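A structural walkthrough
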Amino acid sequence: MEDTTVLDDSKGLFRDFSFTIIPNGLSEDRLSQLQNDIVAANGTIIPFDASKGRIERLEEINYIVSTTSDFPDYYGALDLMTHVVKPTWVDQSLKGNKTKNPRTYSPDPALFMSDVIICCGNLPSGDKEAIQGGVLAMGGQFTEQLSKTVTHLISLDLDDHRCQLAISKRLNLTIVLPHWFDDCLKVGRRISERPYTLPDPEILNVELSAVPTARTSQQIRDATTPDPTNEPIPQMPLARSEAPRAVQAFSGKKVKLGEDLNLNSRLKGIISGMITNGGGDVTTKIKDADIYVCSYRDGDDYVKASQDGKDVGNLSWLYYLITHNIWTNPMRRLMHYPRPRNGIPGFEGFKISISSYTGEARVYLENLVRATGAEFTKTFKQDNTHLVAAHKNSEKCDAAQEWAVNVANHLWLEDSYAKCKLMPISDNRYTYFPSRTNLGEVLGHTEIDRDATEKMFFSATRKLAKPVKVPAAPPADLVAQRLPISRAASDSVTRSSPAAEKVKRTKTTDTAQTPLAARHLDGKENQTPGSRGAKDRALSKLHNAADDIAAFEKEMKRKGGVIHGGKRRAEDEVEDRTKKAKGGRDSVSSKRSADELDRDDQTEDEETEAPTRNKKAKKDKLEPIKFRMLVSKDERWAGNMDKESKDKARLRELGLFITEDFKKVDILCAPHAVRTKKFVAAMACGPALVGSSYLDFVLKNHKLPPPEKYAMDVRDFEKEHGFKMVDAVERAIQNKHRLFRDWTIFCTEKVPGGFETYKDIIEANGGKCSLWKGRTTNITATKRLVNASAGEESQNQKEDEGDVLYLISDANSKEFTNWAKFRELAKKHDMVPRIVKTEWLLINAMAQYVHWKPEWELTEEVVKAAKS
């Protein structure tokens, strides 16, 4: 923490200012320090009563110091023009003996560049001015001078003197391309810097295809569904003799549970007990309540509570308060606020599927789609109207383009729900997908629009009225049975037309309108609307045109549309057959069927990795994959492919998948620690290490024992190399495949084991491996920056000398020329050359920390001495 001791000349800086400090997220020491610094600068502290959760005398306060905007009086403070600032505002104001701009230190989540201080390198002046304006508008700061406070240095390459200075001084900052800032503004969110980070930004690597998966966004934790099905679970389990845990969020408050929650007496009793033991009370009168919990945005109680400024949330929000023991604004998360009973206007008739979202993110979006009033489909078919995707690198997105289905990111769905209206999908913000970025990482950052919700659901002029119960619709099969034969036939033709569906969905009205009678049917004018003969003739014409409609729709679905009057030329057919023979894709014959896309994203890996089985077995649901195991140096299946296939199928039925992908491993199985490529590379996953006896037990007993019960025998290996494998696994979990992050390691072509072996090991640990042939043309090398903020992996790089350049080579005199050229390259980039044996890489990767032993170094003298 920076030294924020108050200087003598800053003692009167906060004179005539009154402060309140919100304690959320602050330690006792930090809270005490802030209070002392403010008082020392002649500021006045108005204490915050955490038990009440509200700020008294709000109108007398000039500054509210808080790490978050998530406290009850935040919007009330904004209405009174009271500044809400982060604690760093106090530190920086005292340090500079001048009150800083409060907006730059605002905890408002809409200012997504808050905490970002940008410095620009070798960029054109126009670009610098645009970046400066953008970062200031989004709550960040801009500086011309590089200093320790800078968090992001924007440059096109590392040759700029600012970049070289940052690297040499090992400043705690991130060097990124200007594309990062541009994409943040386009999306309206702060996205990950990883794909834009120099010296090797992923967005410039055309060979990369798969977009990395995103971690579950913290914003949707315990906020994925409006209707939780389980009972609320406190943070700490209760002893049977103890009363339910006291939930401080309810201290001194009265809660009314809405009738539309449909709680059974048992669950209602559990919730009421938690509220009562938390210092609150349950009431049946809305006028006495401080909190109202309901499912829908309607009813007298909802309108009254909202108009009176009470806290209104749903059951999911109530569970969140119980679980986390802290108050949160129900409008902060979309699934914490009651949903509209009839959805969002404009979404009726939409059929929406999602792509590339898994786990909690997928559950959240499924419930959000249903809350809008649209239909969610796991299967993506041609009659879907929209596809919501995290990125465009997926099979569903390819099919959507071919089928002319709208593709949007989740921001379109969230904004529409938050603003209570259908947002135009033509907005570039909703159809932009940054390269190499999974937008799932910014899921759940959208809040309910207070003004839009008030205007639509509880405006001051709205009269109280009880909700009208909508009768449940009869089952679809029953409706079909009641339809006349002619009506059902005509509906089947109409519903088969996606074009007709899209027209119907586009024009949606709240009230039904009487259609105009058709004119000039069969030479007659002004047909009577109720004429049975007119209906029959119209229906007859529709049936006669059914074949033409089907042919037209078939052509419309084909890539390229209707361009040959419904008949294809002979040369087109020849061309298609030629493409097919060459392995090309034909948009008609090879078009994906809906069945091919009928795969839930979160089970795609399981279905692809499952061994081939007969058709009947495929219909059975496979056990979800519990562990991915990589087997090395186990000879049980050598020369017996049939036994291998059967054993792997049996293991897969138990949830144990035998994989060859060393980048995704949960269990590593070998008779002992071995130095094979698979074993060494898989160590980066931090897997459980088991011996061959583990497989023996599973195949014999048909169940999965705890891995630690059959731990691998690594005693001889540990004694030889001086480190514990259990420590190596722990370090691997910390490193998260980033032991060699930002490293470029060179390797000769004829190294023992082959270049590809060491390339795979280095890349499995987040590094880059380049083939060295002694040519320095177009090859660059840069010093490494050990970034402590990059994560826990940095502690396993403490022995990394950032200016050392490594070459893995064979101990052969024929390589001497290559070594000399390599030393020239290192000297050119002001780095120290180090030529090493393969042992250096193998042991560092297995130990999962960077260290050095002199016996690993290769020199001409060592090679000559070994031969003599």
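Residues numbered from 1 in each chain as written. Predicted model: local features only at pLDDT ≥ 70, side-chain atom pairs only at ≥ 80, totals over all residues. Heavy atoms only, no water.

**Focus: the overall build of the protein chain**
To keep things clear, this is the line we draw: A run of H or I in DSSP counts as a helix once it spans at least four residues, and a run of E counts as a strand once it spans at least two, with each numbered from the N terminus. For each residue, the accessible area found with a 1.4 Å probe, counting protein chains only, is set against the maximum for its type, and the residue is called buried under 20%, exposed over 50%, and partly exposed in between.
When you go through the protein chain residue by residue, the secondary structure sums to 31 helices and 24 strands. Here the protein chain, with 868 residues, has 46% of them falling under the buried criterion.

**A closer look at the sheet that holds strand β14 (residues 375-376)**
To keep it simple, the criterion reads: Two strands pair if DSSP finds at least two bridges between them.
Overall, parallel pairing links the 4 strands, which are arranged β14-β13-β15-β16 in an open sheet. Edge positions in the open sheet fall to β14 and β16 (406-408), since each of these has one partner strand only. Alignment of strand β15 (residues 386-389) against β16, held across 3 bridges, turns out to be parallel. Within the sheet, the bridge partner assigned to L387 lies in β16 and is V407.

**Some points on the nonpolar core**
Here is the rule: In these notes, a set of buried Ala, Val, Leu, Ile, Met, Phe, Trp, Tyr and Cys residues joined through side-chain atoms within 4.5 Å is what counts as a nonpolar core. Should any heavy atoms of two residues lie within 4.5 Å, those residues are counted as being in contact.
One finds I118, W180, Y302, I352 and W412 to be the most contacted residues of the largest nonpolar core, which totals 86 residues. No other element matches the 6 residues that helix α10 (residues 359-372) contributes to this core. If we skip the residues at most four places from it in the chain, Y302 touches Y292, C294, Y296, R297, V312, Y337, T453, F457 and F458. Counting 46 residues, the second largest nonpolar core, distinct from the first, contains L689, M725, F740 and V836.

**Some details on the packing of helix α29 (residues 816-828) against helix α31 (residues 860-867)**
Definition in use: Axis definition: a line fitted to C-alpha atoms, limited for helices to the stretch in contact. Angles are taken between N-to-C directions and run from 0 to 180 degrees. Angular relationships are summarised with four words: roughly parallel below 35 degrees, roughly antiparallel beyond 145, roughly perpendicular across 65 to 115, and oblique for the angles in between. Helix crossings fall into two classes, left-handed where the near helix is turned counterclockwise from the far one by less than a right angle and right-handed where it is turned clockwise.
The N-to-C vectors of α29 and α31 enclose an angle of 165 degrees; their axes lie 11 Å apart at closest approach. In this view, α29 runs roughly antiparallel relative to α31, as classed from their interaxial angle. As for how α29 packs across α31, the hand of that crossing is right-handed. Mapping the contact onto sequence places F816, W819 and R823 in α29 and E860, V863 and K864 in α31.

**Comments concerning helix α30 (residues 838-847)**
Counted residue by residue, α30 has 10 buried out of 10 residues, so it is predominantly covered. Residues of α30 that are buried: T838, E839, W840, L841, L842, I843, N844, A845, M846 and A847. Phi turns positive, to about 60 degrees, at Q848, one or two residues after α30.

**Considerations on unusual backbone geometry**
Where the residue is not glycine, phi is negative for most of them; where a peptide bond is considered, it is trans in most cases. For the peptide bond that leads from L198 to P199, omega is 15 degrees, which places it in the cis range. The residue P199 is located in the loop between α6 (178-187) and β9 (254-257) in this model. Phi at N42 takes a positive value of approximately 65 degrees, unusual for a residue other than glycine. Mapped onto the elements, N42 comes out in the loop between α1 (28-40) and β2 (44-45). The phi torsion at D742 lies on the positive side, around 70 degrees, for a residue other than glycine. Looking at the element boundaries, D742 is found in the loop between α27 (725-735) and β21 (744-748). For D742, a relative accessible area of 34% gives the class partly exposed.

**A word on the packing of aromatic side chains**
Going by this rule: Only Phe, Tyr and Trp rings are paired, with Trp represented by its six-membered ring, and only when their centres lie within 6.5 Å; those with planes under 30 degrees apart are stacked, over 60 edge-to-face, the remainder tilted.
Per the stated rule, a full pass over the model turns up 26 aromatic pairs. Seen in terms of ring centroids, F19 and W89 are 6.3 Å apart; in terms of plane orientation they differ by 40 degrees. Their pairing is tilted. Of this pair, F19 sits in strand β1 (residues 18-21) while W89 sits in helix α3 (residues 87-96), placing them 70 residues apart in sequence. Summarising the burial analysis for this pair, F19 and W89 share the class buried.

**Re the pattern of salt bridges**
Spelled out, the test is: Within this document, salt bridges are pairs made up of a side-chain nitrogen of Lys or Arg and a carboxyl oxygen of Asp or Glu, the two lying within 4 Å of each other.
The final tally for this structure, using the stated rule, is 34 salt bridges. The partner of E623 in a salt bridge is K626, and the shortest N-O contact between them spans 3.6 Å. Owing to a relative accessible area of 33%, E623 belongs among the partly exposed residues under this scheme. A salt bridge links E839 to R675, with the shortest nitrogen-to-oxygen separation between them at 2.6 Å. Taken as a pair, E839 in helix α30 and R675 in the loop between β19 (667-669) and α24 (677-682) lie far apart in primary sequence, 164 residues in all. Within this structure, D70, R332 and E447 form a network of salt bridges that share partners.

**Quick look at α10**
Threshold: What a helix is expected to span follows from its residue count: subtract one and scale by 1.5 Å.
The terminal C-alpha atoms of α10, which comprises 14 residues, lie 21 Å apart, in line with the 20 Å expected from a rise of 1.5 Å per residue. Counting buried positions along α10 gives 10 out of 14 residues, so the element sits mostly inside the fold. Tucked inside the fold, the buried residues of α10 contact β13 (351-355), β14, α11 (395-403) and α12 (410-419). Of the residues flanking the end of α10, it is G373, one or two places downstream, whose phi is positive at about 100 degrees.

**Things to note about the pairing of strand β23 (residues 804-808)**
Two faces belong to every sheet, and in a regular strand the side chains alternate between them. As a reminder, the rule being used: Note on handedness: a crossover is taken as right-handed if, strands pointing away from the viewer, the path from the first strand over the helix to the second is clockwise.
With respect to burial, β23 is a largely interior element, 5 of its 5 residues being buried. The alternating pattern of β23 places V804, Y806 and I808 on one face and L805 and L807 on the opposite face, and all of these are buried. Of the pairings in the sheet, the one linking β21 to β23 comprises 2 bridges and is parallel in character. By the bridge assignment for β23, F746 is matched with L807. As defined by bridge partners, β23 adjoins strand β24 (residues 832-836) across 5 bridges and the pair is classed as parallel. Bridge pairing links Y806 to R834 in β24. Read from β23 through α29 to β24, the crossover connection turns out right-handed.

**Let's talk about the packing of helix α28 (residues 755-764) against α30**
Here is the rule: In this classification, Asp, Glu, Lys and Arg are treated as charged, Ala, Val, Leu, Ile, Met, Phe, Trp, Tyr, Cys and Pro as nonpolar, and every other residue, Gly included, as polar.
Here α28 crosses α30 at 35 degrees, and the two axes come no closer than 11 Å. Crossing hand, α28 versus α30: left-handed. Residues Y758, I761 and I762 of α28 pack against T838, L841, L842 and A845 of α30. Taken together, the residues of the contact of α28 with α30 break down into 6 nonpolar, 1 polar and no charged.

**Quick notes on the side chain of D70**
Cut-off, in case you're wondering: Polar contacts here mean pairs of N or O atoms no more than 3.5 Å apart (in protein, one a potential hydrogen donor and the other a potential acceptor; neighbouring residues in sequence count only if both atoms are side-chain atoms).
Relative to the helices and strands, D70 is located in the loop between β3 (63-65) and α2 (74-79). Within the structure, the side chain of D70 is placed 2.5 Å from the side chain of T328, a separation counted as a polar contact. Within the local environment of D70, its side chain forms a polar contact with the backbone nitrogen of N329, the two atoms lying 2.7 Å apart.

**Side note on the sheet that holds strand β8 (residues 174-176)**
With parallel pairing, the 4 strands of this open sheet are ordered in space as β6-β5-β7-β8. Sheet topology places β6 (141-142) and β8 at the edges, where each strand pairs with a single neighbour. Relative to β8, strand β7 (residues 152-154) runs parallel, the two sharing 3 bridges. Across the sheet, the residue bridging to L153 is I175, located in β8. Along the sheet, helix α5 (residues 161-169) contacts β5 (117-120), β7 and β8; its crossing angle with β7, the most-contacted strand, is approximately 150 degrees. Here α6 sits on the sheet in contact with β5, β7 and β8, set at roughly 110 degrees to β7.

**Thoughts on the confidence of the model for the protein chain**
In plain terms, the rule: Values of pLDDT, ranging from 0 to 100, describe the predictor's confidence in every residue of the model.
Of the residues in the protein chain, 76% reach a pLDDT of 70 or more, and the chain-wide mean stands at 80. Ignoring residues within four places in sequence, the model shows residues 1-8, a span with pLDDT below 50, making 12 contacts including any to other chains. Contacts of residues 559-596 to residues separated by more than four positions or lying in other chains number 38 contacts, the stretch itself having pLDDT below 50.

**A few points about the environment of Y319**
Tracing the chain through its elements places Y319 in helix α9 (residues 315-324). Considering only alpha carbons, one finds Y319 and H336, 17 residues apart in sequence, at a separation of 9.6 Å. When near neighbours in sequence (up to four residues on either side) are disregarded, Y319 contacts P228, N230, E231, P232, L267 and I271.

**Here's the deal with the pairing of β21**
For β21, the tally of buried residues reaches 4 of 5 residues, placing the bulk of the element in the interior. Relative to strand β22 (residues 768-772), β21 runs parallel, the two sharing 5 bridges. Residue pairing for β22: C747 is matched across the bridge by L771. For the handedness criterion, the β-α-β arrangement of β21, α28 and β22 is classed as right-handed.

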